[in-house]
Amino acid sequence: MARINLRGMGVALITPFRKDKSIDFEAFARLLDYQIKSGVDYMVVLGTTAETPALSANEREEVKRFVVDRVAGRVPLVVGCGGNNTAAVVEEAKNVNPDEFSAILSVVPYYNKPSQEGIYQHYSAIAEASPVPVILYNVPGRTGVNMTAETTLRLAAHHPNIVAIKEASGNISQMDDIIKHKHPDFCVISGDDGITFPLITLGAVGVISVIGNAFPKEFSKMVRLALDGDYERARTIHHQFTELFSLLFVDGNPAGVKCLLHAMGFIENELRLPLVPTRITTYEKIRQVLDSLN
């Protein structure tokens, strides 16, 4: 099984919608070309930022087919493949085409709040079924349960095709514990733009980014500088975006980044219920920050 190089910046792609809430594939094509032209290292399809729960099964297949065809092998692709029904996730994982996707990103089961042993067995079943490498995704703010460092390290030790974790727990000590005790080949990826710089200084290999949808060139430069040990220049770029980091999430994700992309002229500012656009006050603040960055 080929290993994907996860060093650098991956982008958690949005799903653009038209005013009638249908998928805007023209805007999607522009966004994909913009990402690739700007030098992103890989892209994640159908993650949280894509509003995947609000897409039908047919739409999810359409999105995968469209992205694969448009990208045409120019950068590696990772596909979201997660849920709280282990049997269904296993079945979905089995059907991932290794010629199209270099890995799957699989979130900790949400809502039913499994124990650590339940999380371990859930991911073990996925790892045994998946024809491509597996990236764990820990985001307790959304799932309601935290996957501990011990469980992450246990999974990484027992399953060679579990190659990385996207860590968005917000717990730097937990992330540092994973980095300290992991096998050298296992990767820790930041799941939070705002802590990517400090996490790289601890040993993370990069980020799966939301802000990268809008600023792929600038944010990937920060990541590469930090990875190369040029912390002063990386810190300067990091500080340019600190206000935007908080603004993008104050009204939820992907409302913030869709507002930003709309202000930049890429997409309509449309989401699907139960998500709604940012408040006008947030929109105006994002526009002000955007003007200052330009």
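Residues numbered from 1 in each chain as written. Predicted model: local features only at pLDDT ≥ 70, side-chain atom pairs only at ≥ 80, totals over all residues. Heavy atoms only, no water.

**As for the overall build of the protein chain**
Next up, step 1: A tally of regular secondary structure across the protein chain gives 12 helices and 8 strands.
Next up, step 2: Taken over C-alpha atoms, the radius of gyration comes to 18 Å for the protein chain, in line with the 19 Å a tight globule of 294 residues would show.
Next up, step 3: With the principal axes as the frame, the protein chain shows a C-alpha extent of 50 × 45 × 35 Å.
Next up, step 4: Relative to its full complement of 294 residues, the protein chain shows a buried share of 54%.
Next up, step 5: A fraction of 71% describes how many contacts in the protein chain between residues 6 or more apart in sequence connect residues 24 or more apart.
Next up, step 6: Element-wise, carbon and sulfur atoms account for 50% of the exposed surface of the protein chain, whose accessible area totals about 12,700 Å². (Helix = DSSP H or I, 4+ residues; strand = E, 2+ residues; numbered from the N terminus. Rg over C-alpha atoms; globule rule 2.2 N^0.38 Å. Buried < 20%, exposed > 50% of the residue type's maximum accessible area, 1.4 Å probe, protein only. Contact = heavy atoms within 4.5 Å. Areas by Shrake-Rupley, 256 points an atom, 1.4 Å probe, with all protein chains shown as cover.)

**Topic: the side chain of Gln 35**
Next up, step 1: Positionally, Gln 35 belongs in helix H1 (residues 25–37).
Next up, step 2: Apart from the residues lying within four places of it in its own chain, the contact partners of Gln 35 are Val 11, Leu 13, Val 40, Met 43, Gly 212, Asn 213 and Pro 216.

**A few points about the nonpolar core**
Next up, step 1: Membership of the largest hydrophobic core comes to 86 residues, with the highest contact counts inside it found for Met 43, Ile 104, Phe 219 and Leu 244.
Next up, step 2: At 7 residues, helix H10 (residues 231–250) tops the list of elements feeding residues into this core.
Next up, step 3: When sequence neighbours within four positions are dropped, the list of residues in contact with Ile 104 reads Val 78, Val 79, Cys 81, Ala 93, Val 96, Ile 126, Ser 130, Val 132, Pro 133, Val 134 and Ile 135.
Next up, step 4: Val 44, Leu 105, Val 139 and Val 163 belong to the second-largest nonpolar core, a separate cluster that totals 19 residues. (Core = buried A, V, L, I, M, F, W, Y, C linked by side-chain atoms within 4.5 Å.)

**Details of H10**
Next up, step 1: Given a rise of 1.5 Å per residue, 20 residues ought to cover 28 Å, and the 28 Å separating the end C-alpha atoms of H10 matches this to within 8%.
Next up, step 2: At Phe 241, H10 shows its strongest bend, of approximately 45 degrees.
Next up, step 3: Of all the positions in H10, only Ala 234, Ile 237, His 238, Phe 241, Leu 244, Phe 245, Leu 247 and Leu 248 are classed as buried.
Next up, step 4: In this structure, the buried residues of H10 make contact with helix H8 (196–202), helix H9 (216–227), helix H11 (255–263) and helix H12 (280–293).
Next up, step 5: Count one or two residues on from H10 and you reach Gly 252, which has phi positive near 95 degrees. (Expected span 1.5 Å × (residues − 1). Bend = angle between axes of the 7 residues up to and from the residue.)

**With respect to the packing of aromatic side chains**
Next up, step 1: Taken as a whole and judged by the stated rule, the model has 8 aromatic pairs.
Next up, step 2: Summarising the aromatic geometry, the rings of Phe 219 and Phe 245 are spaced 5.8 Å apart at their centres and angled 75 degrees between planes, so their arrangement reads as edge-to-face. Residue Phe 219 is located in helix H9, and its partner Phe 245 is located in helix H10; the two are separated by 26 residues in the primary sequence. Each member of the pair, Phe 219 as well as Phe 245, carries the same accessibility label: buried.
Next up, step 3: Feature note: the residues Phe 215, Phe 219, Phe 241 and Phe 245 constitute an aromatic cluster, connected by ring pairs.
Next up, step 4: When the ring centre of Tyr 120 is taken as reference, the NZ or CZ atom of Arg 154 above it lies at 3.5 Å.
Next up, step 5: Sitting over the ring of Tyr 137, Lys 166 keeps its end group 4.1 Å from the ring centre. (Phe/Tyr/Trp six-rings, centres within 6.5 Å; stacked < 30°, edge-to-face > 60°. Lys NZ or Arg CZ within 6 Å of the ring centre and 35° of its normal.)

**Quick look at the side chain of Ser 130**
Next up, step 1: Turning to its location among the elements, Ser 130 is positioned in the loop between helix H4 (116–129) and strand S5 (134–138).
Next up, step 2: Engagement of the side chain of Ser 130 in a polar contact is seen with the backbone oxygen of Val 132, the distance being 2.6 Å. (Polar contact = N/O pair within 3.5 Å; in protein donor to acceptor, adjacent residues only side chain to side chain.)

**A look at the pairing of strand S7 (residues 187–190)**
Next up, step 1: Residue alternation in S7 divides its side chains into two sets, Cys 187 and Ile 189 and Val 188 and Ser 190, and both sets are buried.
Next up, step 2: Across 4 bridges, the pairing between strand S6 (residues 162–167) and S7 is parallel. Each bridged residue has a counterpart across the sheet, and for Glu 167 the counterpart in S7 is Ser 190.
Next up, step 3: Relative to strand S8 (residues 206–209), S7 runs parallel, the two being bridged by 2 bridges. Residue Ser 190 lies in a different strand from S8, and its bridge partner there is Val 207. (Pairing = 2+ DSSP bridges.)

**Quick notes on the pattern of salt bridges**
Where charged atoms of side chains with opposite charge meet at close range, the side chains can pair.
Next up, step 1: Under the defined criterion, the tally for this structure stands at 15 salt bridges.
Next up, step 2: Between Arg 7 and Asp 228 there is a salt bridge, with the nearest N and O atoms lying 3.9 Å from each other. Residue Arg 7 is located in the segment before strand S1 (8–12), and its partner Asp 228 is located in the loop between H9 and H10; the two are separated by 221 residues in the primary sequence.
Next up, step 3: Its relative accessible area of 42% is what places Arg 7 among the partly exposed residues. (Salt bridge = Lys/Arg side-chain N within 4 Å of Asp/Glu carboxyl O.)

**Some points on the environment of Leu 31**
Next up, step 1: Here Leu 31 lies in helix H1.
Next up, step 2: For Leu 31, a relative accessible area of 0% gives the class buried.
Next up, step 3: Through-space distance from the C-alpha of Leu 31 to that of Asn 213 is 7.7 Å; in sequence the pair is 182 residues apart.
Next up, step 4: Non-local contacts of Leu 31, meaning those with residues more than four positions away in its chain, are made with Ile 14, Asn 213, Leu 261 and Phe 266.

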